[in-house]
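# Survey of secondary and tertiary structure
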Amino acid sequence: MDVWKYYDGKLKYPNLSNHSNEIEIAKANPKWAYLYVKRNGKNKDLEPTIAKNAYYSYWYAKLILNGPFKLGEPTISEYTYYSHLYVKEVLHDRFELGEKAIAKNVEYSYAYAKNILEAPFKLGEPTIAKDAYYSYQYAKEILKGPFKLCEPEIAKDAYYSYQYAIDILEGPFNLGEPAIAKNPYYSFNYAKHILKGEFPLGEPEIAKDAYYSKEYTNVVLKKDFYLDGKLICKYES
């Protein structure tokens, strides 16, 4: 028996007085147990040892069992990354035990909702709601409607505020108007496509841009464009 393969720099020699054979030695820690099964295949006696470590539990499930490793799931479920990988690469199905961990990560929460549940993932929504991109995608692809929890975050960004208004609400997004109003492009398009009329909050920025001032005047206002009593652009009928 080659005991040197179990050497990891911490033990000079395995204590052979406590281990009668190679499997007994491998039971000493998850790494040794996994190395044994990686070489020799599935071994029930070593599973309790492997199950103590999330990394080796995941790889045991993926490479050795090619399927679920129930004994290792409680350990896997303690870690966001390994819970995500276990779902994505092994289960391809719901992993309730790991949902609390998955819910801590915005990307994994969204992927879990979209690819696994194909439905809302309530536990992950508070995390998703902290990110404008994933909030918008979640509203569009999962909820297929408003996502109230995310609106304060989306409202910080002109692009996502505009997209949320046009794609999700299909109408005004009052909370996002201050952000939209900081950009002449989104201000003009918000007025044209959402409000279908004037957008006073966005007019100061529109007025700074010759192109959008003209477009706003001729397409939206259809009258002379004044701001604070000053003519910005004359309407061309």
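Structural data are supplied above this passage.
So, a few notes on the structure that sits alongside this text. All values derive from a computational prediction rather than experimental measurement. (Residues numbered from 1 in each chain as written. Predicted model: local features only at pLDDT ≥ 70, side-chain atom pairs only at ≥ 80, totals over all residues. Heavy atoms only, no water.)

## Here we look at the overall build of the protein chain
- The number of helices and strands found in the protein chain is 16 helices and two strands.
- The C-alpha radius of gyration computed for the protein chain amounts to 29 Å, which surpasses the reference 18 Å derived for 237 residues by more than 25%, pointing to a less compact arrangement than a globule.
- When its C-alpha atoms are laid out on the principal axes, the protein chain stretches across 95 × 35 × 20 Å.
- With 237 residues in all, the protein chain has 47% of them scored as buried. (Helix = DSSP H or I, 4+ residues; strand = E, 2+ residues; numbered from the N terminus. Rg over C-alpha atoms; globule rule 2.2 N^0.38 Å. Buried < 20%, exposed > 50% of the residue type's maximum accessible area, 1.4 Å probe, protein only.)

## With respect to the side chain of Ser109
- Position of Ser109 relative to the elements: it lies in helix α8 (residues 106-117).
- Non-local contacts of Ser109, meaning those with residues more than four positions away in its chain, are made with Ile102, Ala103, Lys104, Phe121, Gly124 and Ile128. (Contact = heavy atoms within 4.5 Å.)

## A look at the packing of aromatic side chains
- Evaluation of the coordinates by the stated rule reveals 26 aromatic pairs.
- One aromatic cluster is present, built from ring pairs that chain together Tyr110, Tyr133, Tyr134, Tyr136, Tyr159, Tyr160, Tyr162, Tyr185, Tyr186, Phe188, Tyr211 and Tyr212. (Phe/Tyr/Trp six-rings, centres within 6.5 Å; stacked < 30°, edge-to-face > 60°.)

## Section: the environment of Glu78
- Tracing the backbone through its elements, the reader meets Glu78 in the loop between α5 (73-76) and α6 (80-91).
- Residues Glu78 and Lys100, spaced 22 residues apart in sequence, show a C-alpha to C-alpha distance of 8.5 Å.

## Describing the nonpolar core
- Formed by 64 residues in total, the largest nonpolar core has its most connected members in Val37, Ile50, Tyr86, Phe147, Tyr164 and Tyr216.
- Sorting the residues of this core by element identifies α2 (30-40), α4 (54-65), α6, α8, α10 (132-143), α12 (158-169), α14 (184-195) and α16 (210-221) as the ones contributing at least two each.
- Residues contacting Tyr216, with those up to four places away along its chain left out, are Phe188, Ala191, Glu198, Phe199, Pro200, Glu203, Ile206, Leu221, Lys222 and Phe225. (Core = buried A, V, L, I, M, F, W, Y, C linked by side-chain atoms within 4.5 Å.)

## Re α10
- Within the sequence span of α10, burial applies to Ala132, Tyr134, Ser135, Tyr136, Gln137, Tyr138, Ala139 and Ile142.
- Buried-residue contacts for α10 involve α8, α9 (125-128), α11 (151-154) and α12.
- Lys144, located one to two residues past α10, shows a positive phi value of around 55°.

## Here we look at the pattern of salt bridges
- Enumeration according to the criterion identifies 11 salt bridges in this entry.
- Notably, a salt bridge pairs Lys122 with Glu125, separated by 3.9 Å at the nearest N-O pair.
- Judged by relative accessible area, which is 62%, Lys122 ranks as exposed.
- Notably, a salt bridge pairs Lys156 with Glu153, separated by 3.1 Å at the nearest N-O pair.
- Lys156 sits in the exposed class, given a relative accessible area of 63%.
- Using a relative accessible area of 22% as the deciding quantity, one classes Glu153 as partly exposed. (Salt bridge = Lys/Arg side-chain N within 4 Å of Asp/Glu carboxyl O.)

## Some details on the pairing of strand β2 (residues 230-233)
- Where strand β1 (residues 225-227) and β2 come together, three bridges link them in antiparallel fashion. Within β2, the residue paired with Phe225 across the bridge is Cys233.
- Hairpin connection between β1 and β2: a loop of two residues separates the two successive antiparallel strands, and Asp228 in this loop has a positive phi of roughly 55°. (Pairing = 2+ DSSP bridges.)

## Overview of the side chain of Thr49
- Position of Thr49 among the secondary structure elements: in helix α3 (residues 47-50).
- The exposure class of Thr49 is buried, given its relative accessible area of 7%.
- If we skip the residues at most four places from it in the chain, Thr49 touches Ala26, Lys27, Asn29, Pro30 and Ala33.

## A short note on the packing of α4 against α6
- Following both chains from N to C, one finds α4 and α6 inclined at 0°, their axes separated by 10 Å at the closest point. One element, α4, and the other, α6, form an angle in the roughly parallel class. Contacts from Ala54, Tyr55, Tyr58, Ala61 and Lys62 of α4 reach α6 at Tyr82, Leu85, Tyr86, Glu89 and Val90.
- Taken together, the residues of the contact of α4 with α6 break down into eight nonpolar, no polar and two charged. (Axes fitted to C-alpha atoms, helices over the stretch in contact; angles between N-to-C directions. Parallel < 35°, antiparallel > 145°, perpendicular 65-115°, else oblique. Nonpolar A, V, L, I, M, F, W, Y, C, P; charged D, E, K, R; others polar.)

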